[in-house]
Number of protein chains: 2
Amino acid sequence: MSYCSKAYNEPSKPTVVTSTIPGPESKKQIEQLNENFDARPVYFICDYEKSQGNYLADVDGNVLLDVYAQIASIALGYNNPDLIKAAQSPEMIRSLIERPALGNFPGKDFNDILKKVLKIAPKGQSKVWSALSGADANELAFKAAFVYYRAKERGGFDVKHSEEELSSVMVNQAPGAPNLAVLSFKKAFHGRLFASGSVTRSKPVHKLDFPAFEWPQAEYPYYKYPLAENEEYNKKEDERCLAIVEQLIKEWPTTKGAKVAALIIEPIQSEGGDNHASAYFLQSLRDLTTKHNVVYIVDEVQTGLGATGTLWCHEQANITPPPDLVTFSKKCQSAGYFFHDDKFIPALPYSIFNTWCGNPSSMIIAGAIGEVIQRENLLEQANRVGDYLMAKLQKVAEKYPQHLGRLRGKATFIAFDLESAETRNKLLTLMKSNGCNVGGCAEASVRLRPTLTFEEKHADIFVEALEKSLASL
Amino acid sequence: MSYCSKAYNEPSKPTVVTSTIPGPESKKQIEQLNENFDARPVYFICDYEKSQGNYLADVDGNVLLDVYAQIASIALGYNNPDLIKAAQSPEMIRSLIERPALGNFPGKDFNDILKKVLKIAPKGQSKVWSALSGADANELAFKAAFVYYRAKERGGFDVKHSEEELSSVMVNQAPGAPNLAVLSFKKAFHGRLFASGSVTRSKPVHKLDFPAFEWPQAEYPYYKYPLAENEEYNKKEDERCLAIVEQLIKEWPTTKGAKVAALIIEPIQSEGGDNHASAYFLQSLRDLTTKHNVVYIVDEVQTGLGATGTLWCHEQANITPPPDLVTFSKKCQSAGYFFHDDKFIPALPYSIFNTWCGNPSSMIIAGAIGEVIQRENLLEQANRVGDYLMAKLQKVAEKYPQHLGRLRGKATFIAFDLESAETRNKLLTLMKSNGCNVGGCAEASVRLRPTLTFEEKHADIFVEALEKSLASL
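Chain A goes by 4-aminobutyrate aminotransferase in an unreviewed UniProt entry, where it is assigned to Hanseniaspora opuntiae. Quoted verbatim from the Sequence similarities (unreviewed entry) field of the UniProt record, the comment on chain A reads "Belongs to the class-III pyridoxal-phosphate-dependent aminotransferase family."

Okay, here's the thing in structure tokens:
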């Protein structure tokens, strides 16, 4: 019996009872919510009590197969019994009502909570710093990178800050507040605060009207599919993009007066259109960053925790030596960054610090999710089901070549492109009417982000709904 | 019977069993924690299971009267039965295990959760946007301010972004990424991310090595105490600082090419040394910001939720019209900003948005805390106990004028200054040995941040420990 069958009382198929989604009850409640909160982006109002496993219920009685999973944030499925147990544990109650200032006053159970989070750390990473969201995790990783970079510039980790640094920093000027940059890639998404927003490059709406650091953007390889038939082209594409990266690292200090202290990359650009980077590209970035003394940050906020078939997507590239900092959030519930080199612990205590230093409640859930993934072999399942789903989608793509292109993926982390934004949006609406909650990315892509308990039977339902929707486009 | 006596099984006084704090067991566990996490700032390892009300237990068996309360983040006390109930509620379990993407897929209970948070909103504020920490709340408030400011500059909220804005923003340049500034005050603390860090001005360690926006800093009034005896001096100090604010708003566009879009202020600078701003100063800032078209943001992250004797500290200044955005976190557990004007909802949906849009678990706790404060008249208690404590502290100050100066406060939100950092730090250590966990701020200040269930009997214990500590300085 599969874990999904043991854990959940799932329906055998989706139920759609309203002619459009959102249905009338959702619409009513969206209007009420809008009195207090900007509810314009709401798709529908969920009934989480009635949701089970891979099925998301709404307040109108619709029950959809969910292959979007709260923007890739639900690892195991709705109403998971192992997580309910974790949520009812005494350590959870304590963490909720006695939210500690973890850096100053950690509880006696904090180290065990951390150790469980570290059990799901990427290979080569042995320490963790906790944060509150993907954006927060990335910005804290930038801080660690900047401190490290400046210590090296200063001539060592024991060299103290100069008087000039101590005074200039208070008026936000160099050298105390150095003019350093983080390099990112076109179409990247790394969050929406001010530094994370400065490296995010996917859509204007994420950035418009906000001051930003003028940091360099390189180009992310854009491959032809299927990969096996386009090796030569794609290798050239890798080389083209690598040359841009190196050029920017070299020229930015001269053209913009800012040294590139760090580089951040998603192993698969998710919000930006499910663009994949090859193992060769990711390893070459390691070589380039080492050569130019740039901190290498891998953003696994969306790709992390198993959907690509390994716990962390970049592990498949076997990057050697491993990246310096790996950031996480979403499916892990808790957020932060993993690292292996003690040099990323700032020489000054309190340099990277804040009141809460993360959220122990989220960390407890993250640890429990990790235990289930390992106990139930859910990585093996993601690979198996991913292969099964990909084979079926290839057939659909052959049948609808006018609509469905650039099919790509790792395990269940799959995407394809429609011919236009309009058709893509129409397809997403049709998919809801046909019982599946699916998300888009970039202008015209569809991204599949099912939970790790997604099985062949769910893949069958999804593909059937997809064919039905494509037929009526 | 007081709420404290009903709710908690508190000891009658502190217990100190180790000769130094941290004791041997804390030290051992700090070392173990340091294997996985930067544990240098840890004071001691807490036993939250054994903590009760205003008493914080550690793993060595010490039980301290806690007047620091997780850096001002515990509203009611440890192991509060009302919060335990909230933590065990079905809506809490759901929010923990089905962490929703609140902006897209809110649950049916989300509006009720929000409404409870809005019950504790400052007078004049009717809407809320949720965030994850104080820094996050401030940065989201900046985003709202920038969008609003640019819409006005563009000539209206219906005027679309230009093609030039849409393209320039993707390379982080104006006009899409405008060169706008947020004005803050010397010694301010508003968080430690990159934009919040740019307006934070308390200590170099918060800022060193991090790139920052070059934004203006004004001066925060520094009053002479007691206030009643220094009215003329303090009024002049207000005028001096107001003139600097206006000058900066006027000159920054010319000297630095950046218009001041927003001003952010703490009604009492907390981390920066418990510097208070008068009602006159806060109202004058409203007048200045209105005159110069600057968004007025009040940061109530540390001052919010009752310890100053009103739910929100700035309410005591009766600012008219109310400030545009009021940010909160810490004692409210949940974080975000309150506002009243729909114009702060961006014209573009998804302009202020992220995966989680806040943490419903924290919002549930915030709502429960608010209910207890109102039901149990804890504001009245904070005022009463604050007066009692202040009267006692005045006597201590008279007895030890060489050590204890500039006694100041509102309700239980009290601070005083020692003659030097060294003496202050020595006093904090002595206070632990004498059974009280107390925090410092700025260079030589002590800040009292007891919970809202702090009573006269606790004040007696605190003052006794203080006298004992001062005597042995």
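### Focus on the sheet that holds strand S1 (residues 55–57) of chain B
Residues and elements named next belong to chain B. Reading across from one edge, S1-S2-S14 is the order of the three strands in this open sheet, with mixed pairing throughout. Both edges of this open sheet fall to S1 and strand S14 (436–437), since each of them pairs with a single strand only. Of the pairings in the sheet, the one linking strand S2 (residues 63–66) to S14 comprises two bridges and is parallel in character. Directly across from Asp66, in S14, lies its bridge partner Asn437. Contacts between helix H15 (residues 456–471) and the sheet are confined to S1, S2 and S14, with S2 contributing the most and set at about 105° to the helix.

### Observations regarding the relation of the copies chain A and chain B
Least-squares fitting of chain A to chain B yields an RMSD of 0.0 Å, with the superposition described by an axial translation of 0.0 Å and a rotation of 180°. Both copies of the chain, as the preceding transformation shows, are related through a two-fold rotation axis.

### As for the packing of aromatic side chains
Summed over all chains, the structure comprises 45 aromatic pairs over all chains. Seen in terms of ring centroids, Phe105 of chain A and Tyr68 of chain B are 6.0 Å apart; in terms of plane orientation they differ by 75°. Their pairing is edge-to-face. With one member in each of two chains, Phe105 of chain A in the loop between helix H5 (90–97) and helix H6 (110–118) and Tyr68 of chain B in the loop between S2 and helix H3 (69–72) form a pair that bridges those chains. In this pair, the class of Phe105 of chain A matches that of Tyr68 of chain B, namely buried. Plain terms: the ring middles of Phe213 of chain A and Phe213 of chain B are 4.2 Å apart, the flat faces sit at 10° to each other, and that makes the pair stacked. Note that Phe213 of chain A is positioned in the loop between helix H9 (194–199) and strand S5 (217–218) and Phe213 of chain B in the loop between helix H9 (194–199) and strand S5 (217–218), a pairing that runs across two chains. Note on Phe213 of chain B: relative accessible area 8%, which makes it buried.

### Description of the sheet that holds S5 of chain A
Within a sheet, neighbouring strands are paired by backbone hydrogen bonds and run either parallel or antiparallel to one another. All names here are of chain A. Spatially, the seven strands line up as an open sheet ordered S3-S11-S10-S9-S6-S4-S5, and their pairing is mixed. Looking at strand neighbours, the two that pair on one side only are strand S3 (127–131) and S5, the edges of this open sheet. Its contacts with the sheet put helix H11 (residues 279–291) on strand S4 (180–185), strand S6 (259–265) and strand S9 (295–299), and the angle it makes with S6 is roughly 160°.

### Observations concerning the interface of chain A and chain B
The interface is formed by 122 residues belonging to chain A together with 122 residues belonging to chain B. Both faces combined, the contact of chain A with chain B buries some 10900 Å², and carbon together with sulfur accounts for 62% of it. Among the residues of chain A in contact with chain B, Phe37, Phe105 and Asp209 of chain A are the three that bury the most area, contributing 8% of the side total. Seen at the junction of chain A and chain B, the total is eight salt bridges. For Glu49 of chain A, the salt bridge is made with Lys108 of chain B, and the minimal N-O distance between the two is 3.4 Å. For the pair chain A and chain B, the number of links is 62 residue pairs in polar contact (both at pLDDT 80 or more). In terms of residues, the side of chain A that touches chain B owes the most to one element, helix H7 (residues 134–154) of chain A, which gives eight residues. Here the residues of the side of chain A that touches chain B sort into 65 nonpolar, 32 polar and 25 charged.

### Topic: the side chain of Asn62 of chain B
All names here are of chain B. Within the secondary structure, Asn62 sits in the loop between S1 and S2. In this structure Asn62 comes out as buried when scored by relative accessible area, which is 0%. Among the polar contacts listed, one links the side chain of Asn62 to the side chain of Thr18, at a separation of 3.0 Å. Side-chain polar atoms of Asn62 contact the side chain of Asp58, separated by 2.9 Å. Residues within four places of Asn62 in sequence aside, it is in contact with Thr15, Val16, Val17, Thr18, Ile21, Leu56 and Ala57.

### What about the packing of helix H13 (residues 378–399) of chain A against helix H15 (residues 456–471) of chain A?
Axis angle and axis distance: for two packed helices, these are the angle between their axes and the distance between the axes, and together they describe the pair. All names here are of chain A. For the pair H13 and H15, interaxial distance at closest approach is 10 Å and the crossing angle is 15°. Taken together, H13 and H15 sit at an angle that is classed as roughly parallel. Between H13 and H15 the crossing geometry is right-handed. For the pair formed by H13 and H15, the contact residues are Arg384, Val385, Tyr388, Leu389, Lys392, Leu393, Val396 and Lys399 on the first element and Glu456, Ala459, Asp460, Phe462, Val463, Leu466, Glu467 and Leu470 on the second.

### Here we look at the nonpolar core
Formed by 251 residues in total, the largest nonpolar core has its most connected members in Phe142, Phe185 and Leu325 of chain A together with Phe142, Phe185 and Leu325 of chain B. Once you skip the residues sitting within four places of it in the chain, Leu325 of chain B turns out to touch Ala141, Ala144, Ala145, Val295, Tyr296, Ile297, Val298, Tyr337, Phe338, Phe339 and Phe344 of chain B.

### Some points on H15 of chain A
Between the first and last C-alpha of H15 of chain A there are 22 Å, a value that for 16 residues agrees with the 22 Å anticipated at 1.5 Å per step. Taken together, the buried positions of H15 of chain A are His458, Ala459, Ile461, Phe462, Val463, Ala465, Leu466, Ser469 and Leu470 of chain A.

### Focus: the pairing of strand S12 (residues 405–410) of chain A
Residue and element names in this part refer to chain A. With four bridges joining them, S12 and strand S13 (residues 413–417) adopt antiparallel strand pairing. For Gly409, the partnering residue across the bridge sits in S13 and is Ile414. Counted along the chain from S12 to the antiparallel partner S13, the turn is two residues long, and its residue Ala411 has a positive phi close to 50°.

### Some points on helix H12 (residues 360–375) of chain A
Residues and elements named next belong to chain A. Here H12 contains 16 residues, and its C-alpha end-to-end distance of 22 Å stays within 8% of the 22 Å for a straight helix at 1.5 Å per residue. In terms of residue burial, H12 counts as a mostly covered element, since 13 of its 16 residues are buried. Regarding H12, its N-cap is Asn359, as a side-chain oxygen of that residue lies 3.0 Å from the backbone nitrogen of Ser361 further along. Just past H12, the residue Asn377 takes up positive phi, approximately 50°.

### With respect to the packing of helix H14 (residues 421–433) of chain B against H15 of chain B
Residues and elements named next belong to chain B. Remark: H14 packs on H15, axes separated minimally by 9 Å, with the N-to-C direction vectors making an angle of 125°. Comparing the axis directions of H14 and H15 gives the class oblique. Note that H14 runs across H15; the crossing there is right-handed. Contacts from Leu427, Leu430 and Met431 in H14 reach Phe462, Ala465, Leu466, Ser469 and Leu470 in H15. A per-class count over the contact of H14 with H15 returns seven nonpolar, one polar and no charged.

### Concerning the pattern of salt bridges
With the rule as written, the count across this model stands at 68 salt bridges over all chains. Across the salt bridge formed by Glu237 of chain A and Arg240 of chain A, the nearest N and O atoms sit 3.0 Å from each other. Taken together, the positions of Glu237 of chain A and Arg240 of chain A, both in helix H10 (residues 231–256) and three residues apart, correspond to about one turn of that helix. Between Asp38 of chain B and Arg40 of chain B there is a salt bridge, and its shortest N-O distance comes to 2.8 Å. If you follow the salt bridges from partner to partner, you end up with Asp47, Glu49 and Lys50 of chain A together with Arg94, Lys108 and Asp109 of chain B in one network.

### Notes on the state of the cysteines
Summed over the entire model, instances satisfying the criterion amount to zero disulfides over all chains. Distance from the sulfur of Cys46 of chain A, which forms no disulfide, to the nearest cysteine sulfur (Cys357 of chain B) is 13 Å. By relative accessible area, which is 0% here, Cys46 of chain A ends up buried.

### Some points on unusual backbone geometry
Cis geometry marks the peptide bond from Ala174 of chain B to Pro175 of chain B, where omega comes out at 5°. Locating Pro175 of chain B in the fold gives a position in the loop between helix H8 (163–168) and strand S4 (180–185). Between Tyr225 of chain B and Pro226 of chain B the backbone carries a cis peptide bond, its omega angle lying at -5°. Looking at the secondary structure, you find Pro226 of chain B in the loop between S5 and helix H10 (231–255). Phi is positive for Ala72 of chain A, which is not a glycine, with a value near 65°.

What counts as what
- Residues numbered from 1 in each chain as written.
- Chains lettered and ligands numbered in written order.
- Predicted model: local features only at pLDDT ≥ 70, side-chain atom pairs only at ≥ 80, totals over all residues.
- Heavy atoms only, no water.
- UniProt positions renumbered as here; feature names shortened; annotations may be inferred.
- Pairing = 2+ DSSP bridges.
- Helix = DSSP H or I, 4+ residues; strand = E, 2+ residues; numbered from the N terminus.
- Contact = heavy atoms within 4.5 Å.
- Axes fitted to C-alpha atoms, helices over the stretch in contact; angles between N-to-C directions.
- Least-squares fit on C-alpha atoms with pLDDT ≥ 70 in both.
- Phe/Tyr/Trp six-rings, centres within 6.5 Å; stacked < 30°, edge-to-face > 60°.
- Buried < 20%, exposed > 50% of the residue type's maximum accessible area, 1.4 Å probe, protein only.
- Buried area = accessible area lost by both parts, 1.4 Å probe.
- Salt bridge = Lys/Arg side-chain N within 4 Å of Asp/Glu carboxyl O.
- Polar contact = N/O pair within 3.5 Å; in protein donor to acceptor, adjacent residues only side chain to side chain.
- Nonpolar A, V, L, I, M, F, W, Y, C, P; charged D, E, K, R; others polar.
- Parallel < 35°, antiparallel > 145°, perpendicular 65-115°, else oblique.
- Left-handed = near helix turned anticlockwise from the far one by under 90°.
- Core = buried A, V, L, I, M, F, W, Y, C linked by side-chain atoms within 4.5 Å.
- Expected span 1.5 Å × (residues − 1).
- Disulfide = S-S within 2.5 Å.

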